[in-house]
Amino acid sequence: MNRWLLPEDIADVLPSEARKVEALRRSILDLYQSYGYELVAPPILEFLDSLLTGTGSDLNLQTFKLVDQLSGRTLGLRADMTPQVARIDAHLLNREGVTRLCYAGSIAHARTPVGSAAREELQIGAEIYGCASWEADFEAITLLLSTLNVAGIHKVYLDFSHAGVLEGILDGQNISKEDIELIYGLLQSKDRTRLASWAQCLPPESAQALMTLTELNGSCTEVLAQAQKILPKHSLIDEALSQLDCLATAAAGFSKELELSIDLADLRGYQYHSGVMFAAYVDQLPQPIARGGRYDHVGQAFGRARPATGFSLDLLSLAHLAPQWVRRPAIVAPWINDVTLTRKITELRHTGEVVIQAMPDDAVETAEYLCNRELVKKGDSWEVKQK
Ligand SMILES: N[C@@H](Cc1c[nH]c[nH+]1)C(=O)O
């Protein structure tokens, strides 16, 4: 057996891709910091029960588990950093008022997500705690679109949904957590046959409303007008529709290349979202490139109720879509013991130049650097010359 064979859907990131990923990671974190976000770095492993607090069974299924040899307890390898960041806000920072946090780190999925070919992701995201009103959701959406712009992606389809609509429809019914998760899945796959058979246990008006959700998708104005007309009158539904209206109107001004739509059955995620939800799509991918939304109950599950909203995406997928990075120009220098040469190389590197010292049998040819100049000795000094 090949010892170096990697597990299925787990891959190395090779030089030019790794540089692109790292360049993006830095620019995106700089962008978040320019909005006042503070960077946090939760651990890659945690006790399983803490890692899954306030989340649904999908995240549990996606989490790799292992036994901690020190405590004997089960640990989970994180499959999503958002709940970890909510834990940090709720317990470690314990601040009143608004807190903006951002993060970037590896996550692993026990099963390859649908539409993906990788079980490891480099998740990057931004979260806002302590603000229950639409401004926080709007800032999250703005930042998400700016993140895609940093990667050179401008044509974006932003799809809105709202967990409150389903909550309003099912309000007053005694439905188990498992059944709620089942409905999420059926709505997601728009499986009308199974949804209709499940909905038989509901009063006719609620069953009808549930079925209608699978058809309420399309342009924001049309879907909202349709939804007002056909969904039952309920404070949660009214509130959800007015929040969607407000956000869709605000986001419309973001850019001409942004296409907005609403799909009230698109409740994809790990079932911890409680309000507005959004997913960004691009032409090249069948699944969303980024997901986000409001999840006010996760902090509560950690013992400190805090309004929360944000988004996250996979940097590896983003880098894959980003235009090819140009090769960075470099200077080749000989590898000899010469104080003036060493000083000159240090000087050049300080000014931001790449200087590669050629070792014996080193052709200094890499896919990443364009060695278009060299250091040559002229009299007592060293000078940069075109190759
Ligand atoms: N981490 C969530 C998206 C999210 C971030 N913040 C809020 N929602 C996901 O992967 O579905």
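Residues numbered from 1 in each chain as written. Predicted model: local features only at pLDDT ≥ 70, side-chain atom pairs only at ≥ 80, totals over all residues. Heavy atoms only, no water.

Under an unreviewed UniProt entry, the name given to the protein is ATP phosphoribosyltransferase regulatory subunit, and the source organism is Polynucleobacter antarcticus. Its UniProt record, at the heading Subunit (unreviewed entry), says of the protein: "Heteromultimer composed of HisG and HisZ subunits." Under the UniProt heading Function (unreviewed entry), the entry covering the protein gives this text: "Required for the first step of histidine biosynthesis. May allow the feedback regulation of ATP phosphoribosyltransferase activity by histidine." (UniProt positions renumbered as here; feature names shortened; annotations may be inferred.)

Participant: What is the right way to read the environment of Ala367 from this model?
Facilitator: Along the chain, Ala367 turns up in the loop between β14 (354–358) and β15 (369–378). Residue classification places Ala367 among the exposed residues on the basis of a relative accessible area of 64%. (Helix = DSSP H or I, 4+ residues; strand = E, 2+ residues; numbered from the N terminus. Buried < 20%, exposed > 50% of the residue type's maximum accessible area, 1.4 Å probe, protein only.)

Participant: Mind showing me how you'd approach the sheet that holds strand β5 (residues 99–108) here?
Facilitator: What links the strands of a sheet is backbone hydrogen bonding, and the strands pair in either a parallel or an antiparallel sense. Strand order in the open sheet formed by nine strands is β1-β5-β6-β12-β11-β10-β7-β9-β8, and the pairing between neighbours is mixed. Looking at which strands have only one partner, the edges of the open sheet turn out to be β1 (38–39) and β8 (217–218). Where strand β11 (residues 290–294) lies against strand β12 (residues 308–314), five bridges are found, and the strand directions are antiparallel. Across the sheet, Gly293 pairs through a bridge with Gly310, a residue of β12. Strand contacts of helix α6 (residues 163–170): β7 (156–162) and β10 (276–281), with the helix running at about 25 degrees to β7, the strand carrying the most contacts. (Pairing = 2+ DSSP bridges. Contact = heavy atoms within 4.5 Å. Axes fitted to C-alpha atoms, helices over the stretch in contact; angles between N-to-C directions.)

Participant: How should the pairing of strand β9 (residues 258–263) be read in this particular structure?
Facilitator: Strand residues, when the strand is regular, have side chains that alternate between the two faces of the sheet. As paired strands, β7 and β9 are joined by five bridges and run parallel to one another. Along β9, the bridge assignment pairs Phe160 with Ile262. In terms of strand pairing, β8 meets β9 through two bridges, oriented antiparallel. Looking at the pairing, Gly218 lines up with Ile262 of β9.

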